[in-house]
Amino acid sequence: MAFSMENYKYVQDILARRRTEAEDKARRNTAWVHEHSEEIREIDRKLSSTGFALIRAAMDKAPDVRERVAALREENLALQARRAALLREMGLPENYTAVIPVCAACKDAGHLDSGAMCACMRALLVEAGYRSSGLGSLLKKQSFDNFSLHFYEGDARRLASVALERAKEFAESFEKTGQNLLFMGGTGLGKTHLSTAIAKRAIERGFDVVYETAQNVISDFEYDRFKSGYGQSEDVPRSEKYFSCDLLILDDLGVEMSNQFTLSALYNVINTRINLGKSMLVSTNLGQKALLERYDERITSRLFGEFNPYLFRGTDIRLQK
Ligand SMILES: [Zn+2]
């Protein structure tokens, strides 16, 4: 598991807020009930004293301790039954003054008694991963399951089918293999759909995924350079996530502006990640020839030497739909 620390902290905060809200609500409801029912107020006073008496009796070594504990327990149950009846009479649910967690399984602690992570926390982490990946609503729509080969014909279908199988394998194993994928082909041929499906699966598996267009990656580097120029670089740089995330999906390579700065920023990301053995998926509308023309040898030798290329051909799926 490699949920990012940031998302982990975000989720811990959500759980802590849920606990506080549940306790506050119970306290408010109790105060209201006490205000409106003198008898319940009296019962609660007795209940807390029988609670203490029970503990004392249980610790006592007196010969009749069993009988005393049994008597106290009976009194306790009778008081609780009376209390529940009074709440019902007031038109309130029996648990009106109780602390009611959002998740009954872990009581909003995020972990079960066994120490295992609760399903509610896992779901929150996946949700946070979707959010921080930069993909948002696409993730809800595009998965491996709804990637249809039927929009492709002949050789294009064979290529798409290979890419689909390979993308599935990649999503399950990139952290072990450290492999990189290069998706090449025109707009509307399924590159984004498969990239999103990979991101979705990787996030579900607990990995920290960042999905961004090359243009936005460059913008973040420019922002960092601008900011450090003013001596305000105490924050985490925006570009930091492109190095630190478990999987970087760089979309639409080739539409960003091309100059010395953008080239060296791109090279820096690609080269650093390769050296760290951290996987990347790069997709581009450009073909091999156009890539060679546009990028210097430092970048193209990495792209063609360290990435497994997959071609997407056919007719724009969005037009077919
Ligand atoms: Zn839970």
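On a predicted model such as this, the values are computed, not experimentally measured, just so you know.

*Asks:* Tell me what's going on with the packing of aromatic side chains, and back it up with residues and numbers.
*Replies:* Enumeration over the complete set of coordinates arrives at seven aromatic pairs. Judged by centre distance (6.4 Å) and plane angle (90°), the rings of Phe-183 and Tyr-310 are edge-to-face. Of this pair, Phe-183 sits in strand E1 (residues 180–185) while Tyr-310 sits in strand E5 (residues 307–312); the two residues are 127 residues apart in sequence, bridging distant segments of the chain. The pair formed by Phe-183 and Tyr-310 is uniform in burial state, with each residue classed as buried. A ring pair is formed by Phe-221 and Tyr-242, whose centres lie 6.4 Å apart and whose planes are at 20°; its orientation type is stacked.

*Asks:* So what's going on with the nonpolar core? Which residues, and what values?
*Replies:* Membership of the largest hydrophobic core comes to 34 residues, with the highest contact counts inside it found for Phe-144, Tyr-152, Phe-183, Leu-194, Ile-198, Leu-247 and Phe-312. Contributions of two or more residues to this core are made by helix H4 (119–133), helix H6 (154–177), E1, helix H7 (191–204), strand E2 (209–213), strand E3 (247–253) and E5. The leading source of residues in this core is H6, at eight residues. Discounting chain neighbours no more than four positions away, the residues touching Leu-194 are Phe-144, Phe-147, Ala-163, Leu-164, Ala-167, Phe-183 and Phe-312. Tyr-267, Ile-270, Ile-274 and Phe-307 belong to the second largest nonpolar core, which has 27 residues in total.

*Asks:* An account of the coordination of the zinc ion is requested, with residue identities and associated values reported.
*Replies:* Within the protein, the atoms that donate to the zinc ion are Cys-103 (SG), Cys-106 (SG), Cys-118 (SG) and Cys-120 (SG), at distances of 2.3 Å. Seen from the zinc ion, its four donor atoms lie at angles of 104 to 112°, and the figure they make is tetrahedral. Counting along the primary sequence, the residues that act as donors to the zinc ion give the motif C-x2-C-x11-C-x1-C. The exposure class of Cys-118 is buried, given its relative accessible area of 3%.

*Asks:* Describe in detail a nonpolar patch on the surface, supporting the description with residues and values.
*Replies:* Judged by side-chain polarity, Phe-52, Ile-55 and Met-59 come together as a nonpolar surface patch covering roughly 370 Å² of accessible area. Assignment of secondary structure puts Ile-55 in helix H2 (residues 38–59).

*Asks:* Could you give an account of the pairing of strand E4 (residues 280–284), naming the residues involved and the relevant values?
*Replies:* The buried count for E4 comes to five of five residues, which makes it a mostly enclosed element. Summarising the sheet, E1 and E4 pair through four bridges and their orientation is parallel. Bridging from a neighbouring strand, Leu-181 pairs with Leu-281 of E4. As paired elements, E3 and E4 share four bridges and run parallel to each other. Among the inter-strand pairings, Leu-248 is bridged to a residue of E4, identified as Met-280. Traced from E3 through helix H10 (residues 260–276) to E4, the parallel crossover comes out right-handed.

*Asks:* Give a description of the sheet that holds E5 that names residues and reports values.
*Replies:* Read from one edge to the other, the open sheet built from five strands follows the order E2-E3-E4-E1-E5, with strand pairing classed as parallel. A strand with exactly one partner marks an edge of an open sheet, and here the two such strands are E2 and E5. This sheet shows a mean twist of 15° between the axes of neighbouring strands, independent of strand direction. Sheet strands touched by helix H12 (residues 297–306): E1, E3 and E5. Its angle to E5, the strand with the most contacts, is close to 80°.

*Asks:* Provide a residue-level description of the pattern of salt bridges, including the pertinent values.
*Replies:* Evaluated as defined, the whole model comprises 19 salt bridges. For Arg-201, the salt bridge is made with Glu-172, and the minimal N-O distance between the two is 2.6 Å. A residue pair is termed long-range when its members are at least 10 positions apart, and Arg-201 in helix H7 and Glu-172 in helix H6 qualify at 29 residues. Judged by relative accessible area, Glu-172 falls into the partly exposed class, the value being 34%. The salt bridge involving Glu-175 is made with Arg-205; its shortest N-O contact spans 2.7 Å.

*Asks:* Provide a residue-level description of the environment of Arg-82, including the pertinent values.
*Replies:* Mapped onto the fold, Arg-82 is located in helix H3 (residues 65–89). Remark: the alpha-carbon pair of Arg-82 and His-150, spanning 68 residues in sequence, is separated by 67 Å. Setting aside anything within four residues of it in sequence, one finds Arg-82 in contact with Glu-39, Ile-43 and Glu-89.

*Asks:* How would you summarise the side chain of Ser-239 if you had to cite specific residues and measurements?
*Replies:* Mapped onto the elements of the fold, Ser-239 is located in the loop between helix H8 (214–229) and helix H9 (240–244). Excluding its chain neighbours within four sequence positions, the residues that come into contact with Ser-239 are Asp-220, Phe-221 and Asp-224.

*Asks:* Outline the side chain of Thr-284, listing residues and values.
*Replies:* Structurally, Thr-284 is set in strand E4. For Thr-284, a relative accessible area of 0% translates into the label buried. Sequence-distant contacts of Thr-284, that is, excluding residues within four places in its chain, are made with Leu-182, Phe-183, Met-184, Gly-185, Lys-191, Leu-253 and Leu-291.

*Asks:* Quick one: what's the story with H7, residue by residue and with numbers?
*Replies:* In this model, H7 (14 residues) spans 20 Å end to end at C-alpha, consistent with the 20 Å of a helix rising 1.5 Å per residue. Every buried residue of H7 is accounted for by Lys-191, His-193, Leu-194, Ser-195, Thr-196, Ala-197, Ile-198, Ala-199, Lys-200, Ala-202 and Ile-203. Remark: Gly-206 follows H7 within two positions and exhibits a positive phi of approximately 100°.

Calculation notes
Every chain's residues receive numbers from 1 upward, in the order its sequence appears when written. Per-residue local features of the predicted model are confined to residues with pLDDT of at least 70, and side-chain atom pairs are confined, for both listing and counting, to 80 or more; whole-chain, interface and lining totals are unaffected and use all residues. In computing side-chain values, all of the structure's heavy atoms are included and hydrogens and water are not. The rule is short: rings of Phe, Tyr and Trp, with Trp giving its six-membered ring, pair when the centres are within 6.5 Å, and they are stacked under 30 degrees, edge-to-face over 60, tilted in between. Strands here mean DSSP runs of E at least two residues long; helices mean DSSP runs of H or I at least four residues long; both are numbered from the N terminus. The classification of residues rests on relative accessible area computed with a 1.4 Å probe and restricted to protein chains. Under 20% of the type maximum is buried, over 50% is exposed, and intermediate values are partly exposed. Residues belong to a common nonpolar core when they are buried Ala, Val, Leu, Ile, Met, Phe, Trp, Tyr or Cys residues joined through side-chain atoms within 4.5 Å. Residues are treated as being in contact if the distance between any of their heavy atoms lies within 4.5 Å. Metal-coordinating donors are taken as N, O and S atoms lying within 2.8 Å of the metal, or within 3.2 Å when the metal is Na, K or Ca; because water is left out, some sites can appear incomplete. Square planar and octahedral assignments, for four and six donors respectively, both demand that opposite donors be over 155 degrees apart and that all other angles lie between 65 and 115; tetrahedral needs four donors with all angles between 85 and 135 degrees, and anything else is irregular. Each patch is built from salt-bridge-free residues with over 30% relative accessible area, joining like charges within 9 Å and nonpolar side chains (Val, Leu, Ile, Met, Phe, Trp, Tyr) within 5 Å. Method for areas: the Shrake-Rupley scheme with a 1.4 Å probe, in which residue coverage is limited to the protein chains shown. Any Lys or Arg side-chain nitrogen located within 4 Å of an Asp or Glu carboxyl oxygen qualifies as a salt bridge. Pairs of strands are assigned from DSSP output, requiring at least two bridges between the strands. Orient the strands so they point away from the viewer, and a crossover whose first-strand-to-second-strand path over the helix runs clockwise is right-handed. Here an angle of 0 to 180 degrees is reported between the N-to-C directions of two axes, which are lines fitted to C-alpha atoms, with helices fitted over the stretch in contact. Expected span of a helix, by definition, is 1.5 Å for each gap between consecutive residues, and there is one gap fewer than residues.

Everything listed here is a matter of coordinates, which is why it stays silent on function.
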